[in-house]
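# Per-entry structural report
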Amino acid sequence: MRSIRAAAVGAVTMSLALAATACGGGSSSGGGSNDSPKTLTYWASNQGASIAVDKKVLQPELDKFEKQTGIKVKLEVVPWSDLLNRILTATTSGQGPDVLNIGNTWSASLQATGALLPWDAKNFEKIGGKERFVDSALGSTGAQGKDPAAVPLYSMAYALYYNKQIFADAGISKPPATWDELIADGKKIKAKGKSVLGAEGANVSENIHHVFVFAKQHGADFFTADGKPDFTDPKVVDAVKQYVDLMAKDKVIPTGDAEYAQNQSVSDFAKGKQAMLLWQSAAANLKSQGMSEDAYGIAPVPVQSGTPGTGAQTNSMVAGINMAVFKNSHNLDGATKFVKFMTSDEEQKVLNTAYSTVPPVKTAQEDAAFNSPDTAVLKQTLATSAAALPQVAAESQFETAVGTAVKELFADAAGGRAVTADSVKAALEKAQQQMPAA
Amino acid sequence: MTTTALKEPVRDTSPGAAREPRRRTGRIRRVGLPYLLLLPALLLELLVHLVPMAIGIVMSFKELTQFYIRDWGSAPWSGFGNYKVSVDFDAPVGEALLHSFFVTVGFTLLSVALCWLIGTAAAVFMQDTFRGRGLLRALFLVPYALPVYAAVITWVFMFQHDNGLVNHVLHDQLHLTDKPSFWLIGDNSFYALLTVSVWKGWPFAFLIVMAGLQNIPRELYEAAALDGAGMWQQIRRITLPSLRPVNQVLVLVLFLWTFNDFNTPYVLFGKAAPEAADLISVHIYQASFVTWNFGTGSAMSVLLLLFLLVVTGLYLLFTSRGRRAADV
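Because the structure is predicted, anything quoted here is derived from the model rather than measured.

## Looking at the sheet that holds strand β1 (residues 39–45) of chain A
Residue and element names in this part refer to chain A.
- On the basis of which strands lie adjacent, the open sheet formed by five strands has the order β2-β1-β3-β10-β4 and mixed pairing. Edge positions in the sheet fall to β2 (72–78) and β4 (151–156), since each has one partner strand and no second. Between one strand axis and the next, the sheet turns by 20° as a mean value, whatever way the strands run.
- Of the pairings in the sheet, the one linking strand β3 (residues 99–103) to strand β10 (residues 319–325) comprises five bridges and is antiparallel in character. By the bridge assignment, Gly103 is partnered in β10 with Ile321.
- Together, β1, β2 and β3 form the strand contacts of helix α3 (residues 80–93), whose direction differs from that of β2 by roughly 120°.
- Packed onto the sheet, helix α13 (residues 332–342) meets β1, β2, β3, β4 and β10 and runs at close to 155° relative to β10.

Written out as structure tokens, the structure reads:
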């Protein structure tokens, strides 16, 4: 009898506990606080060759921060494949990190959710002021006319990486500055039995980065001035077609690249199978794959004609990582201090050197460490000829819809189907219809 | 418990005013206890299964986009708006969903049929004892035992255009194709998906049918053989009818698993599946997570749930009616 009563009591207790947990989950709509001033959770994006590398780079800096402020930072490096989903989940549940890295192209989309702390003048003051940051990097921190949703942390730009040996063998004396030159060089390279240019045809984000630049070079935009999708503009169609034609018509991108989505084109380049690669801050990645720094050269991404600049001479997106504070943080002051620490001149030098990126902080950028030929090209591009991807709330949907359309067009080209202005337009029209009406 | 049961009849013999209610509480206690003990499990079931399902249904009536996910109580109600968008087959979203639905139906029918056929054939051939039977049986179960992700990633490598094993065999060695084919993009992706799905699914059919075959008495076959029935007739007249109840469950389970399969297409193709292999589970994932429109995604999920409920209901109705008729 006693054991039965015990069991009954146990059952009731457990039921109550379950009911309590079920009710306790509720959404936390309130803002942040400073309830736990001694700890912070930080989600870092995967910047190095692996997650282990990132931990090795970041941990000593976090220890330094703890020594300075007494705040312990719990680090988690989140792989790119999971990062956006994790952020969305954190936003929905209100249970997230205090500080996090975001891809800078997501800024406006995440800003629209209201989950991130807006960086108004007062908050910027706490980390030394907005003027400390480079303008191009600030241009990719949220929608225009709103307080930025994040602060630039690492900046990157696309550049043309070329294999010096293959160029020498093919008798090419300097890297191509225009697309026509690239295609002409491609013929010489193919004659030597190497493939010309790598691409990640099945990687939706990579596709977007490239067609965005091509659109700029054609004087077009994917969105109208008031933020409405405008994918079927004839100039946009021309731009997308020009990119896909690098495989379909000009045959400089091998058809096999149409199914690449796991950075296989970087491996092809590192192994010396392929002469050129359009990539952002590839140095660390190439090194980890065993390619020595002397083996390749780095040049600005080609333009239609002339030299890189603004407008139609754009030759890169503003790529980079931003740092944001989760509005629900229980240590807002500590989080702000941590952002200040990470964007300080000293840390900027350490971190950007480790990741072969460019500091978005003006004073840090002037350091001699960022004057190597590799970084100089990236710095120059960011300063003069890079444009920010559209800062609209529907950016994330845009990447998916148009990026997938380009993927399908590459699949057509690889499968031997004709890629015509009509087929490109049809694909883009379909992408536009998938965009939210608002 | 036994002690109470013994004592109570003794007490009942002495009359008294307080007896009745006490006996009632006693009965409530006796009858209620099992329910009380079930309560935690029931609540857990609610928590893990039914509550999320109910929330999903509620979500499908809301306009739950990126602007509201932070505080989704504040998302406006959209009535049947999400459903209208999903089933408006003239508009792009509905059209894409319908396309994905047909692809999934075709894929599921083919995959289930092939899994069943291969699984049953293998099980029947494995009935007779021969050297190495145990080894073969174990080998056949390997695809089922492997972790899905590892297995499918291996297939991704094999299906690669430039250095994949499939193209190496089909093109380089057997010269069946003019040039290496693409398996992970374009129209061929459907066959790639089907291959992996069947490879992964048939061992389960094999396992279940094999277990079912153990229950068929050997005498039936012996008697049939005496009467002059060949192997094919034995399979048709004895094996298949005896396997009927097993097959009924097997086909249903395979159907539901295949129709809802998310891992295989996701690992094979990533977030954006090629049109020819755009299975509905990934399609819905894309409609909600990738485009941040959880309302529409939920509405599509509810529609899928309804469809599967109807199919399962009809299937059970017809097969059990058939069985009852056969039993008579």
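From this point, things continue past the structure.
## Some words on unusual backbone geometry
- At Ser281 of chain A, a residue that is not glycine, the phi angle is positive and equals roughly 40°.
- Note on placement: Ser281 of chain A falls in the loop between β7 (274–280) and α12 (283–288).
- The exposure class assigned to Ser281 of chain A is buried, which follows from the 23 C-beta atoms found within 10 Å.
- Notably, His175 of chain B is not glycine yet its phi reads approximately 55°, a positive angle.
- Relative to the helices and strands, His175 of chain B resides in the loop between α7 (165–173) and α8 (189–213).
- A residue is classified by how many C-beta atoms lie within 10 Å of it, and His175 of chain B, with 8 of them, is exposed.

## Topic: the confidence of the model for chain A
- Confidence in the prediction for chain A averages 90 pLDDT; 96% of positions are at 70 or higher.
- In this model, residues 24–29 of chain A is a region of pLDDT below 50 whose contacts with residues beyond four sequence positions or in other chains number seven contacts.

## Section: the UniProt feature "domain: ABC transmembrane type-1" (unreviewed entry) in chain B
- Feature annotation in UniProt places "domain: ABC transmembrane type-1" (unreviewed entry) on residues 101–315 of chain B, given in this structure's numbering.
- The span residues 101–315 of chain B shows a helical share of 76% and a strand share of 0%, and its end C-alpha atoms are spaced 19 Å apart.

## Observations regarding the sheet that holds strand β5 (residues 158–163) of chain A
Residue and element names in this part refer to chain A.
- Strand order in the open sheet made by the four strands is β6-β7-β5-β8, with mixed pairing throughout. Looking at the sheet topology across the chains shown, the edges are occupied by β6 (195–198) and β8 (296–299). Within this sheet the neighbouring strands show an average axis-to-axis angle of 20°, counted without direction.
- In terms of strand pairing, β5 meets β7 through five bridges, oriented antiparallel. Residue Leu160 lies in a different strand from β7, and its bridge partner there is Leu278.

## Brief notes about the packing of helix α10 (residues 234–248) of chain A against helix α18 (residues 421–433) of chain A
All names here are of chain A.
- For the pair α10 and α18, interaxial distance at closest approach is 9 Å and the crossing angle is 110°. The orientation of α10 relative to α18 falls into the category roughly perpendicular. Viewed along their axes, α10 and α18 form a crossing whose handedness is right-handed. The residues of α18 that touch α10, namely those facing Val236, Val237, Val240, Lys241 and Val244, are Ala421, Val424, Lys425 and Leu428.
- Of the residues assigned to the contact of α10 with α18, the class counts are seven nonpolar, no polar and two charged.

## Structural notes on the pairing of β1 of chain A
Residue and element names in this part refer to chain A.
- Here seven bridges tie β1 to β2, and the two strands are oriented parallel to one another. Residue pairing for β2: Leu40 is matched across the bridge by Val73.
- In terms of handedness, the path from β1 via helix α2 (residues 51–69) over to β2 forms a crossover that is right-handed.
- Bridge analysis of β1 against β3 gives two bridges, and the strand direction is parallel. Counterpart to Trp43 in the pairing with β3 is Leu100.

## Structural notes on the interface of chain A and chain B
- Taken together, the contacts link 41 residues of chain A with 36 residues of chain B.
- Mapped by element, the contributors of at least two residues to the side of chain A that touches chain B are α1 (2–24), α3, α4 (107–113), α17 (395–414) and α18 of chain A.
- Here the side of chain A that touches chain B takes 10 residues from α1 of chain A, the largest share from any one element.
- Of the residues assigned to the side of chain A that touches chain B, the class counts are 20 nonpolar, 17 polar and four charged.

Basis of the calculations
Residues numbered from 1 in each chain as written. Chains lettered and ligands numbered in written order. Predicted model: local features only at pLDDT ≥ 70, side-chain atom pairs only at ≥ 80, totals over all residues. Pairing = 2+ DSSP bridges. Helix = DSSP H or I, 4+ residues; strand = E, 2+ residues; numbered from the N terminus. Axes fitted to C-alpha atoms, helices over the stretch in contact; angles between N-to-C directions. Contact = placed C-beta atoms within 7 Å. Buried ≥ 20, exposed ≤ 12 C-beta atoms within 10 Å, placed from the backbone. pLDDT = per-residue confidence, 0-100. UniProt positions renumbered as here; feature names shortened; annotations may be inferred. Parallel < 35°, antiparallel > 145°, perpendicular 65-115°, else oblique. Left-handed = near helix turned anticlockwise from the far one by under 90°. Nonpolar A, V, L, I, M, F, W, Y, C, P; charged D, E, K, R; others polar. Right-handed = clockwise from strand over helix to strand, strands pointing away.

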